[in-house]
Amino acid sequence: MSEKTPSLEHSLVSRCPICGNSPLVHDYECAELVCKNCGYVVIEKLVDRGPEWRAFNPEQRAKKVRVGAPFTFTIHDKGLSTQIDWRNRDIRGRRLPSKQRAQINRLRKWQRRVRVSSSMERNLASALSEMSRITDKLSLPRNILETASVTYRTAIKEKLIRGRSIKAMVAAAIYVACRRCRLMRTLGEVAEASSVKEKELGRSYRLLIKKLDYFVPPAKTSKYVTKLLNKLVLKGKCAEVAHRILRAAKELKLTSGRAPKSIAAAVSYISSKITGEYRTQREIAEAAQITEVTIRNRYKELMERILIVTSL
DNA sequence: AAGACGAAAGTGGTTGA
DNA sequence: TCAACAACTTTCGTCTT
């Protein structure tokens, strides 16, 4: 891969929303805005402004065209290695003579040794394939996968993986990526998809953000509300009312110290009642993965304070 | 009969000595 | 490391629609 000129990089920098102080770099090869420091991938599908040259005839084009697969963090060697086909055929599909076959076999052997050389490389290789399996299962966007794999690489460098479960650390890296990209996925969901126990996932997650000194923005209750309303197929008017109730609740300091999902459930319940798109406590409790009793408790608190103060 | 309500006891996580 | 504590859950009997 060719190096970009410094002037091009620096003309495009901005701040990373996670670590704040380091420059972001536009990476046109994989169409992303990447933080060179923490690996946070801000956006995908950046418009490729290249090529910055013009070709006036086929020969020039052939000479100037850029080659190679895009650079990515999600393959253990960053997708830059050579692949040797397993078939003993040449490019026209003819079988190779035995002498050449033996040569290719030797090449393959060395290829394996070079690619997956150390135990660390082996670890990384299996971890990253597991990672893409899980993100697939949770239908997470590409930038989460990229961010998570950078996190995992850093964790390996910091020697946090040795002696711990790869599976749990992979799941934790994914959860960290979700949180940092402000994507609403609960510990439970990630645990489910990766078949890691929620408790262990939580432990690994805390370990990662502590040891890697990551800043993780706190989860927004309003995002819980949105997600819950989607799950319950409540929208439009009801969603609007729910968010207004939530705002009022926040003003009255009724949300602090309470689990966001129970607040979200109560707010959704009240809103569904007001707007006539009625859902039972049971339905909401199930969708929010909490009990009806908790909804009732929050509901009572909210009703006592809010509905008197504000006329919705 | 289904849903809502609430008391009481139990659980798991956090905090502070 | 342990106890105190708040939030939440489980269970179950009662009330309301």
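Bear in mind the structure is a predicted one, so any value in this text is a computation, not a measurement.

### Section: the protein's contact with DNA strand C
Gly257, Arg258, Ala259, Ser262, Ile290, Thr291, Val293, Thr294 and Arg298 make up every residue found near DNA strand C. A share of 83% of the atoms of DNA strand C within 4 Å of the protein falls on sugar and phosphate groups. In the model, a phosphate oxygen of DNA strand C is placed 3.4 Å from a nitrogen or oxygen of the Arg258 side chain. Between a phosphate oxygen of DNA strand C and a side-chain N or O atom of Thr291, the distance comes to 3.1 Å. The element best represented in the surface near DNA strand C is helix 13 (residues 292-309), accounting for three residues. Split by residue class, the surface near DNA strand C holds three nonpolar, four polar and two charged.

### Some details on the protein's contact with DNA strand B
As a matter of local geometry, DNA strand B sits amid Lys199, Tyr269, Tyr278, Thr280, Gln281, Arg296, Tyr299 and Lys300. Put simply, 57% of the atoms of DNA strand B that lie within 4 Å of the protein are in sugar or phosphate. At 2.5 Å from a phosphate oxygen of DNA strand B is found a side-chain nitrogen or oxygen belonging to Gln281. A distance of 2.9 Å is found between a base oxygen of DNA strand B and a side-chain nitrogen or oxygen belonging to Arg296. Split into classes, the residues belonging to the surface near DNA strand B amount to three nonpolar, two polar and three charged.

### Points about the packing of helix 6 (residues 166-180) against helix 7 (residues 187-194)
One can describe the packing of helix 6 onto helix 7 by two numbers: an axis separation of 10 Å at closest approach and a directional angle of 140°. The angle between helix 6 and helix 7 falls in the class oblique. Considering only the axes of helix 6 and helix 7, their crossing is right-handed. In contact with Lys167, Ala171 and Tyr175 of helix 6, helix 7 contributes Leu187, Val190 and Ser194.

### Regarding the state of the cysteines
Tallied over the entire structure, the rule returns zero disulfides. No disulfide involves Cys178; its sulfur sits 7.5 Å from the nearest other cysteine sulfur, which is in Cys181.

### A short note on the environment of Ile156
Inspection of the secondary structure puts Ile156 in helix 5 (residues 142-157). For the pair Ile156 and Leu124, spaced 32 residues apart in sequence, the C-alpha to C-alpha distance is 8.2 Å. Beyond its immediate chain neighbours, meaning those up to four positions away, Ile156 contacts Met120, Asn123, Leu124 and Ile161.

### With respect to the packing of helix 11 (residues 260-274) against helix 12 (residues 281-288)
Where helix 11 contacts helix 12, the two axes come as close as 10 Å, and the packing angle between them is 150°. Between helix 11 and helix 12 lies a crossing whose hand is right-handed. Contacts from Lys261, Ala265, Ser268, Tyr269 and Ser272 of helix 11 reach helix 12 at Gln281, Ile284 and Ala288. Looking at the contact of helix 11 with helix 12 residue by residue, the class counts come to four nonpolar, three polar and one charged.

### Quick notes on the pattern of salt bridges
Per the counting criterion, the structure on display carries eight salt bridges. Its salt-bridge partner being Glu286, residue Arg282 comes within 3.6 Å of it at the nearest N-O pair. In this pair, Arg282 and Glu286 are both assigned in helix 12, four residues apart and thus about one turn of the helix distant. Relative accessible area serves as the criterion here: at 57%, Glu286 is assigned to the exposed category. Each member of the salt-bridge network shares a partner with another, and the members are Arg258, Arg298 and Glu301.

Rules of the game
Residues numbered from 1 in each chain as written. Chains lettered and ligands numbered in written order. Predicted model: local features only at pLDDT ≥ 70, side-chain atom pairs only at ≥ 80, totals over all residues. Heavy atoms only, no water. Near = heavy atom within 4 Å. Polar contact = N/O pair within 3.5 Å; in protein donor to acceptor, adjacent residues only side chain to side chain. Helix = DSSP H or I, 4+ residues; strand = E, 2+ residues; numbered from the N terminus. Nonpolar A, V, L, I, M, F, W, Y, C, P; charged D, E, K, R; others polar. Axes fitted to C-alpha atoms, helices over the stretch in contact; angles between N-to-C directions. Parallel < 35°, antiparallel > 145°, perpendicular 65-115°, else oblique. Left-handed = near helix turned anticlockwise from the far one by under 90°. Contact = heavy atoms within 4.5 Å. Disulfide = S-S within 2.5 Å. Salt bridge = Lys/Arg side-chain N within 4 Å of Asp/Glu carboxyl O. Buried < 20%, exposed > 50% of the residue type's maximum accessible area, 1.4 Å probe, protein only.

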